[in-house]
Amino acid sequence: MKRISLMMVFAVLAAASVATAADTVPNRLSYAKVGEWASYKLPSGYIQKLTVVDRSGDGPEAMVDVLVENIYDGEVIEAKRISHEAGEPMTSPETSATPGVLVAIRHDTAAVNGRTVPVTIVEVLKNAAEEDRSSTEWWASGDVPVFGIVKKVEDGETVWELDGFGDK
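Just so it is clear, the structure is predicted and the values come from calculations on it, not from any experiment.

Definitions and cut-offs
- Residues numbered from 1 in each chain as written.
- Predicted model: local features only at pLDDT ≥ 70, side-chain atom pairs only at ≥ 80, totals over all residues.
- Heavy atoms only, no water.
- Helix = DSSP H or I, 4+ residues; strand = E, 2+ residues; numbered from the N terminus.
- Buried < 20%, exposed > 50% of the residue type's maximum accessible area, 1.4 Å probe, protein only.
- Contact = heavy atoms within 4.5 Å.
- Phe/Tyr/Trp six-rings, centres within 6.5 Å; stacked < 30°, edge-to-face > 60°.
- Lys NZ or Arg CZ within 6 Å of the ring centre and 35° of its normal.

Visitor: Break down the environment of Gly35 for me, with residues and values.
Guide: Along the chain, the position of Gly35 falls in the loop between helix H1 (7-15) and strand S1 (36-41). You can call Gly35 buried: its relative accessible area is 14%. Spatially, the C-alpha atoms of Gly35 and Leu50 are 10.0 Å apart, while their sequence positions differ by 15 residues. Once residues lying within four places of it in the same chain are set aside, the contact partners of Gly35 are Thr51, Val52, Gly166, Asp167 and Lys168.

Visitor: Got a sec to walk through unusual backbone geometry? Specific residues and values, please.
Guide: The backbone of Asp73 shows a phi angle near 55°, a positive value even though the residue is not glycine. As for its position among the elements, Asp73 is in the loop between strand S3 (63-72) and strand S4 (75-85). Asp73 gets classed as exposed once you look at its relative accessible area, which sits at 73%. Even without glycine at this site, Val146 takes up a positive phi of about 65°. Mapping Val146 onto the fold places it in the loop between strand S7 (134-140) and strand S8 (149-154). What makes Val146 buried here is its relative accessible area of 0%.

Visitor: Give a detailed account of the packing of aromatic side chains, specifying residues and quantitative values.
Guide: Centre distance and the angle of the planes are the two values used to describe a pair of aromatic rings. In this structure the tally under the stated criterion is two aromatic pairs. Consider the rings of Tyr46 and Tyr72, whose centres lie 5.0 Å apart with planes at 45°: the pair is tilted. Pair noted here: Tyr46 is in the loop between S1 and strand S2 (47-56) and Tyr72 is in strand S3, with a separation of 26 residues, a long-range link. Accessibility expressed as a relative area gives 2% for Tyr46, which makes it buried. Its end group placed over the ring of Phe165, Arg115 keeps NZ or CZ at 4.2 Å from the ring centre.

Shown next as structure tokens:
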């Protein structure tokens, strides 16, 4: 049976809100509500579903609990509950799970199950001066529940893509 580690989600969460002071990606957790969810397709055939299951407090000090479920062939293979501070500051390309040099920030739209959402695309170049350099693009939207992630692209290949979202 195929199995996927939760390390993927932790890497995504750590770098989900890469931004600069001049142009920020929304910290979607700051206004997340219990019951909101987002699901993602992975190239391995897995679906990863993130659901807000608890919120204690208001404002930036609030703690938000998210249930992370890895689903394969309709069956939950792994599930874990993680806690995140709602007002946790945005990470920078230098401190994120994708350390590197910020290359570009652009704005566009993305279509997800018949809905169009505005996105901010942040591109980070890793190992810029070395032969093994690579690029990562984070697509994020304040309209997408939980962490606001729409897509992650590594070296031109989509490795995590929003499949659906909603509330309850």
